[in-house]
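# Observations on the three-dimensional arrangement
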Amino acid sequence: MTIQRALSQKQVAAALGVNVRTVRAWTKAGLMPVWFRTETGRAVYSSTTIEAAQRRAGELHAEGLAS
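Residues numbered from 1 in each chain as written. Predicted model: local features only at pLDDT ≥ 70, side-chain atom pairs only at ≥ 80, totals over all residues. Heavy atoms only, no water.

In this section: the overall build of the chain. Within the chain, the secondary structure is distributed over three helices and three strands. Listed N to C, the secondary structure of the chain is β-α-α-β-β-α in terms of helices and strands. Taken over 67 residues, the chain has a buried fraction of 19%. Within the chain, residue pairs in contact and separated by at least 24 positions form 46% of the contacts whose partners lie at least 6 positions apart. (Helix = DSSP H or I, 4+ residues; strand = E, 2+ residues; numbered from the N terminus. Buried < 20%, exposed > 50% of the residue type's maximum accessible area, 1.4 Å probe, protein only. Contact = heavy atoms within 4.5 Å.)

Pasting the structure below:
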């Protein structure tokens, strides 16, 4: 069983090495699914989603190097 951790947009941006605005844009485009929203409407992401995004980014980088 995988235990998921809740991450803020700022934490996601730091983990992925991107700007918070990029995380917001990815969320709006449907590329970064929100796990849930707080009562004040802030997006919260699961650590599993971030790990998948990191793996995919690595795959894309490797594909770019292979081309």
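For the rest of this paragraph, the subject is helix H2 (residues 20-28). Two or three places before Arg21, at the start of H2, stands the capping residue Asn19, its side-chain oxygen 2.8 Å from that residue's backbone nitrogen. Remark: Gly30 follows H2 within two positions and exhibits a positive phi of approximately 85°. (Polar contact = N/O pair within 3.5 Å; in protein donor to acceptor, adjacent residues only side chain to side chain.)

The geometry of helix H1 (residues 9-16) relative to H2 is characterised by a closest axis approach of 8 Å and an angle of 105° between their N-to-C directions. The angle between H1 and H2 places the two elements in the roughly perpendicular class. Side by side, H1 and H2 meet where Gln9, Lys10, Val12, Ala13 and Leu16 of the first sit next to Val20, Val23, Arg24 and Trp26 of the second. When the residues that make up the contact of H1 with H2 are grouped by side-chain class, the tally is six nonpolar, one polar and two charged. (Axes fitted to C-alpha atoms, helices over the stretch in contact; angles between N-to-C directions. Parallel < 35°, antiparallel > 145°, perpendicular 65-115°, else oblique. Nonpolar A, V, L, I, M, F, W, Y, C, P; charged D, E, K, R; others polar.)

Bringing the sheet that holds strand S2 (residues 36-37) into the picture now. Read across the sheet, three strands follow the order S1-S3-S2 without closing on themselves; strand pairing throughout is antiparallel. Taken across any chain shown, the strands that pair with only one partner, and hence form the sheet edges, are strand S1 (6-7) and S2. Here S1 pairs with strand S3 (residues 43-46) via two bridges, running antiparallel. Paired with Ala6 across the strands is Ser46, a residue of S3. (Pairing = 2+ DSSP bridges.)

Now for H1. Within H1, the full set of buried residues consists of Gln9, Val12 and Ala13. Looking down the long axis of H1, one finds its buried residues gathered within 100° of arc, a one-sided arrangement. Structural note: H1 exposes Lys10 and Ala14 on the side pointing more than 90 degrees away from its buried face. Immediately beyond the C-terminal end of H1, within one or two residues, lies Gly17, with a positive phi of roughly 70°. (Arc of directions from axis to C-beta.)

None of this, on its own, says anything about what the molecule does.
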